[in-house]
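Residues per chain, in single letters:
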Amino acid sequence: MSPPVIFNFNDAKDTFTASTRSALENKTSKPLINAFNQITGNETEKKTTLDQALRQVLEEQIVEKKALVDDFLSLIYLSIDGVTEGICSATTPFLLLGDVLDCLPLDQCDKIFSFVEENVSTWKSNSFYTAGKNYLLRMCNDLLRRLSKSQNTVFCGRIQLFLARLFPLSEKSGLNLQSQFNLDNITVFNKNEQESTLGQRPTEEKEDGMEVEEGEMGDEEPGTPAPCSIPIDYNLYRKFWTLQDYFRNPVQCYEKFSWMTFLKYSDETLAVFKSFKLDDMQASKRKLEELRTAGGEHVYFAKFLTSEKLMDLQLSDSNFRRHILLQYLILFQYLKGQVKFKSSSCVLNDDQCSWIEETTKLVYQLLREIPPDGDKFATMVERVLNTEENWNSWKNEGCPSFVKDRPVDDKPKRPTRKRQAPEDFLGKGPDRKVFMGNDELTRLWNLNHDNMAACQSEKREFMPSLEEFFEEAIEQADPANMVEDEYKVVHNSNYGWRALRLLSRRSPHFFQPTNQQFKSLDDYLESMVIKLAKELPKDLPSEEIKTGEEDDEDNGDTLLKESNDSPSMQAKQVTNQQMDEVAAKLGAQWKTLASQLDMKAAEIREIETDSEDVDMQAKLLLVCWQEREGTQATVDSLITALNNAGFPKIADILNET
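Residues numbered from 1 in each chain as written. Predicted model: local features only at pLDDT ≥ 70, side-chain atom pairs only at ≥ 80, totals over all residues. Heavy atoms only, no water.

Enquirer: Hey, could you go over unusual backbone geometry for me, with residue numbers and the actual values?
Expert: With an omega of -5 degrees, the peptide bond running from P371 to P372 counts as cis. Relative to the helices and strands, P372 is located in the loop between α16 (350-369) and α17 (374-396). Even without glycine at this site, C399 takes up a positive phi of about 55 degrees. The topology assignment puts C399 in the loop between α17 and α18 (422-425). (Helix = DSSP H or I, 4+ residues; strand = E, 2+ residues; numbered from the N terminus.)

Following this line, the structure appears as structure tokens:
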């Protein structure tokens, strides 16, 4: 016996490294697959070695060769193919991505992240999602720490959107379950009135000796609107920007002193917005034309510019006003809404609720008055905030799954069809289940596939014992009980029929020959009761139990005659086994018999559609005939039809069975 081969890690790593370089040059994963199959060892050892080889090649590209971004992406694509082929670990592509992003500057990280965004469907597939979701989350968080929210706003937004596409809505790591606020978002502005420059411009202009004649606007173009006429002083500037602290941390609005301050500052700010409304001026139109000429590029700022010199321009800007008014609506929604993690002390009184309701109406009115498309913008904001209410309710309920389980009683209904498929009513399906047309009947029928075995079960034993059934008759036969003959149970026709059936199954006296002649069923039952009373373990009188008068002889004879009727006296019906034998003999000639069985052309076409097997078609013909005729579907009628159709041999076989 040869000794077991020991796996050599270093040799395998060198082989995989050389194969990786060859695969990168040829842009195919075949060299790696061939090397993986040639190296001896178990799957886990070879996968781990290939993972290390791929990371080593990446290290060489970064440190030694200083490869381009496309070279890094080629190696990552190669690792993805390796995972698909099952030759490397599912975490390898994510480890390579993390290594690349950690070593590259931000401008090249942007290109690598574009690759990550384009392959989001790959990351969500079954082969990668479970193994790589935590790696991707960690990689994105590391990138966000390197980026500046004010300088790299777009890049940060792309990362957030990628995470939203990658993880499902119910992923709790991406939900703000406790409704926490970004308290680090502090708006910095001039809080020292002594350093304020508001209100000093006229003085400075006089000191500089700048004289502007009436009607002279310097280098400004004709048609340019006059400067903002909103009276701005330091108090308005300070109160306006102080409101940002309440938008940043709405919880302080529940404090009495803070609420009074917020109420006062808000009334003054909204009064300014209401008094000095914006018009769709020529300057706004000219600005739009300039943006269209520049290719439609817009400039976004992550933070407000709080310079005092910009205050008049900001209040005259429609987008700026919309930002501020939208902040009010978001704040009001939080204050009025039911948040699961709110403190019990965070409750508004009636006056506060009334003020919020009135102010909300005022804010929507101001939004509609801001050009352009004020009505459309206000309607959109209202719809978005209503959707946000549903989102908050979902979080308050503990983020239940969006996938609803089917209720137990809500079973899918079987599609109704004119005729059932043969595998349904013949039990020929994969689970051999027979559908009886009713849910309860179907359940009972399929409790046991062998019906005879089910009938022989001990649970199906419903026949009473002789002691239980004849107990009342024995008591009535005792002269001491003085029961008149007309009230004895043996004179009941139903009781007599059941007694005969029970005696035939349980009593040996039923089949014993006797010379005694009985004129009626009542006489016979009374004699059997006397015999049973002597045999059963009950104390009966020693004297002979006498029967009553022999009345209603004709009635007793009739009952006895009826009791002797049996299924053998009736016409014999066709069994399922006989139909199988006839169908096997008929084969493809079943249509000849169909005409003798009065089958319609539509029924024949439907049988041909239901099955392509000729034996099954013949069986379906006989089943349809049996369903239509019911109790009239006898062996004699089928033999007659076979003879008339020209199948005498099959008729003889059926007659013999």
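Enquirer: I'd like to hear about the nonpolar core, residue by residue, with values.
Expert: With 51 residues, the main nonpolar core has V116, W123 and F162 as its most contacted residues. Ranked by residue count, the leading element in this core is helix α4 (residues 69-85), at eight residues. Here W123 is in contact with I80, F94, L97, F115, V116, F128, Y129, L136, F162 and L166, once residues within four sequence places are set aside. Within the second largest apolar cluster, 45 residues are counted, among which are Y246, L270, W355 and I356. (Core = buried A, V, L, I, M, F, W, Y, C linked by side-chain atoms within 4.5 Å. Buried < 20%, exposed > 50% of the residue type's maximum accessible area, 1.4 Å probe, protein only. Contact = heavy atoms within 4.5 Å.)

Enquirer: Go over the packing of aromatic side chains, please, and point to the residues and values.
Expert: Scanning the entire structure with this criterion turns up 30 aromatic pairs. Consider the rings of F189 and Y237, whose centres lie 6.1 Å apart with planes at 80 degrees: the pair is edge-to-face. One end of the pair, F189, is in the loop between α9 (153-166) and α10 (201-207); the other, Y237, is in helix α11 (residues 234-248), and 48 residues separate them in sequence. The class of F189 is buried, set by a relative accessible area of 13%. (Phe/Tyr/Trp six-rings, centres within 6.5 Å; stacked < 30°, edge-to-face > 60°.)

Enquirer: Let's hear about α11: which residues, and what values?
Expert: Here α11 contains 15 residues, and its C-alpha end-to-end distance of 22 Å stays within 8% of the 21 Å for a straight helix at 1.5 Å per residue. With respect to burial, α11 is a largely interior element, eleven of its 15 residues being buried. Within α11, the full set of buried residues consists of Y234, L236, Y237, K239, F240, W241, L243, Q244, Y246, F247 and R248. Where α11 is buried, its residues meet α12 (256-275), α14 (311-315) and α15 (318-336). (Expected span 1.5 Å × (residues − 1).)

Enquirer: Tell me about the pattern of salt bridges, and please be specific about residues and values.
Expert: Across all of its chains, the model carries 14 salt bridges by this definition. R158 is paired through a salt bridge with E117; the nearest N and O atoms lie 2.8 Å apart. Of the two residues, R158 is situated in helix α9 and E117 in helix α6 (residues 106-118); the sequence distance between them amounts to 41 residues. Within the structure, one salt-bridge network assembled from shared partners comprises D110, E117 and R158. (Salt bridge = Lys/Arg side-chain N within 4 Å of Asp/Glu carboxyl O.)

Enquirer: Just give me the short version of the packing of helix α25 (residues 576-586) against helix α28 (residues 614-629), but keep the residues and values in it.
Expert: Relative to each other, α25 and α28 sit at 135 degrees, their axes nearing to 8 Å. The angle between the axes of α25 and α28 places the two elements in the oblique class. In this structure, α25 crosses over α28, and the sense of that crossing is right-handed. Residue-level contacts link N576, M579, D580, V582, A583, A584 and L586 of α25 to D615, A618, K619, L622, V623 and Q626 of α28. For the contact of α25 with α28, a count of residues per class yields eight nonpolar, two polar and three charged. (Axes fitted to C-alpha atoms, helices over the stretch in contact; angles between N-to-C directions. Parallel < 35°, antiparallel > 145°, perpendicular 65-115°, else oblique. Left-handed = near helix turned anticlockwise from the far one by under 90°. Nonpolar A, V, L, I, M, F, W, Y, C, P; charged D, E, K, R; others polar.)

Enquirer: Outline the confidence of the model for the chain, supporting the account with residue identities and numerical values.
Expert: Averaged over all residues, the pLDDT of the chain equals 80, while 81% of them reach at least 70. pLDDT under 50 marks residues 201-227. Its contacts with residues more than four places away, or in other chains, come to seven contacts. (pLDDT = per-residue confidence, 0-100.)

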